[in-house]
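Each chain, letter by letter, is given below.
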Amino acid sequence: MESEIQQQYLSILSQLNIGDIILVTGSKKPSKWLVRAQKRYYDQSRSSHVMIHIGDGIIIHATTTKGVHFAPLLEELNDCEDTWTVLRHKDLEHVNEDELSSSSLKFFNQKYNIKFLEAPEKCTEIDNTESSFCSELASKFFESLGIKIGENLGRKVFPCDFDQFFDSISIDSNWLDVTKLYRKIVDLPCQEEYLISCKANIALMSLMLMKRQYLAPFREFTYNALKKKKKITENK
């Protein structure tokens with residue numbers, strides 16, 4: 001990729017924040033069904049899926065086939081209708097980037113919560129470390145940062161709730177419309193080269209996180225054993 005084009009990518013990607021929420025409508029029948037099903041909660045429902053931008057044009061989201069995983073934003077947008085929008089929560093401006101990154105990766109590799117829609121009156125539990133639905137994942141991300149976006153709903157947070165957040169944007173609201181910033185990246189040249197680099201970064205991130213998750217129980221066991229040994233020694 002030529003230096004001038006690289007600078008274009010860097011310039012645009014630097015404007016896309018960690019924690020930005022991408023709202024999309026899938027092109028397949030299940031997506032259309034999900035949009036219709038949500039109209040009982042918000043009659044202007046139009047989004048079937050929610051994704052979280054984690055930096056450099058990479059998103060994390062929950063799908064039926066892969067659970068919670070990373071993907072290139074550009075690739076995901078190709079499978080959606082061109083009506084997608086992007087939200088940014090104002091309170092994230094006060095959170096440092098390391099904390100944002102940590103929270104966005106916290107739920108990686110969870111299973112897809114296929115039962116999420118069965119009991120909408122039961123609110124999302126951030127301690128549910130086993131599975132996530134797409135909007136549940138976004139809700140957990142904000143809750144882990146102390147931002148309760150659905151506290152007045154009295155139920156779980158659905159994609160349609162983000163539609164309502166978007167439609168209610170005003171000077172006094174907590175959300176900003178940053179769709180135009182993201183539209184810029186769609187029109188950039190040399191996207192195949194960019195996607196190759198993006199996928200390589202995703203593969204590396206996924207491998208590192210899975211390794212960390214695999215080793216976590218052993219670290220905890222070792223830590224507890226050393227703690228117990230130290231306590232025994234001190235009691236002698």
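Definitions and cut-offs
- Residues numbered from 1 in each chain as written.
- Predicted model: local features only at pLDDT ≥ 70, side-chain atom pairs only at ≥ 80, totals over all residues.
- Heavy atoms only, no water.
- Pairing = 2+ DSSP bridges.
- Helix = DSSP H or I, 4+ residues; strand = E, 2+ residues; numbered from the N terminus.
- Axes fitted to C-alpha atoms, helices over the stretch in contact; angles between N-to-C directions.
- Contact = heavy atoms within 4.5 Å.
- 1 Å grid on protein atoms, 1.4 Å probe; cavity = no way out; pocket = protein on both sides within 12 Å on 5 of 7 lines; lining within 4 Å.
- Points joined across faces, edges and corners; volume = space filled by probe spheres on them.
- Nonpolar A, V, L, I, M, F, W, Y, C, P; charged D, E, K, R; others polar.
- Buried < 20%, exposed > 50% of the residue type's maximum accessible area, 1.4 Å probe, protein only.
- Polar contact = N/O pair within 3.5 Å; in protein donor to acceptor, adjacent residues only side chain to side chain.
- Salt bridge = Lys/Arg side-chain N within 4 Å of Asp/Glu carboxyl O.
- Core = buried A, V, L, I, M, F, W, Y, C linked by side-chain atoms within 4.5 Å.

Student: In this structure, what is going on with the sheet that holds strand β5 (residues 85-89)? I would like to understand it.
Tutor: Sheet strands associate in pairs through backbone hydrogen bonding, adopting either a parallel or an antiparallel arrangement. Spatial strand order, β4-β3-β2-β1-β5-β8: six strands in an open sheet with antiparallel pairing. Each having just a single partner strand, β4 (67-72) and β8 (175-177) make up the two edges of the open sheet. Strand after strand, the sheet turns through a mean of 30° between neighbouring axes, direction not considered. Strands β1 (21-24), β2 (49-55), β3 (58-63), β4, β5 and β8 of the sheet are contacted by helix α5 (residues 134-144), whose axis makes an angle of about 45° with β2.

Student: Sorry if this is basic, but what is going on with the layout of surface pockets here?
Tutor: Over the atoms a probe the size of a water molecule is rolled, and this reveals where empty space is left. Within this model, the largest pocket holds a volume of roughly 830 Å³. As for the largest pocket, its lining consists of 27 residues, of which Ser31, His49, Ala62, Thr63 and Thr64 are closest to the centre. Of all the elements in the fold, those that place two or more residues in the lining of the largest pocket are α2 (29-37), β2 and β3. In terms of residue count, the dominant contributor to the lining of the largest pocket is α2 (four residues). A class-by-class count of the residues in the lining of the largest pocket yields 12 nonpolar, 11 polar and four charged.

Student: Where do I start with the side chain of histidine 69 in this structure?
Tutor: Turning to its location among the elements, histidine 69 is positioned in strand β4. The class of histidine 69 is buried, set by a relative accessible area of 13%. There is a polar contact of 2.9 Å between the side chain of histidine 69 and the backbone oxygen of glycine 67. With residues up to four places along the chain from it excluded, the contact list for histidine 69 reads Ile59, Ile60, His61, Thr63 and Phe108.

Student: How do you make sense of α5 when you look at a structure like this?
Tutor: Given 3.6 residues per turn, any residue in an α-helix points the same way as the ones three and four places further on. Among the 11 residues in α5, nine count as buried, and that is most of the element. Burial in α5 covers these residues: Cys134, Ser135, Glu136, Leu137, Ala138, Ser139, Lys140, Phe141 and Phe142. Trailing α5 by a residue or two, glycine 146 shows a phi angle of about 85°, which is positive.

Student: Would you explain the side chain of serine 132 in this entry?
Tutor: Mapped onto the elements of the fold, serine 132 is located in strand β7 (residues 131-132). Taking the relative accessible area as the measure of exposure, serine 132 reaches 0% and is therefore buried. Among the polar contacts made by the side chain of serine 132, one reaches the side chain of glutamine 110 at a distance of 2.5 Å. Non-local contacts of serine 132, meaning those with residues more than four positions away in its chain, are made with Ala62, Val68, Gln110, Lys111, Tyr112, Asn113, Leu137 and Lys140.

Student: Would you take a moment to explain the pattern of salt bridges for this structure?
Tutor: Between side chains of opposite charge, a pair can form as their charged atoms come close. Inspection of every chain in the model, using the stated rule, returns seven salt bridges. Across the pair arginine 88 and aspartate 20 runs a salt bridge, and its minimum N-O distance is 2.8 Å. Placement of arginine 88 in strand β5 and of aspartate 20 in the loop between α1 (3-13) and β1 is noted, with a sequence separation of 68 residues between them.

Student: Is there a simple way to explain the nonpolar core in this structure?
Tutor: Within soluble globular proteins, side chains that are nonpolar generally end up buried alongside one another. With 62 residues, the main nonpolar core has Ile21, Ile22, Phe162 and Tyr182 as its most contacted residues. In this view, isoleucine 22 contacts His49, Val50, Met51, Ile52, His53, Ile59, Leu73, Leu77, Thr85, Val86 and Tyr182; residues no more than four positions away in its chain are not counted.

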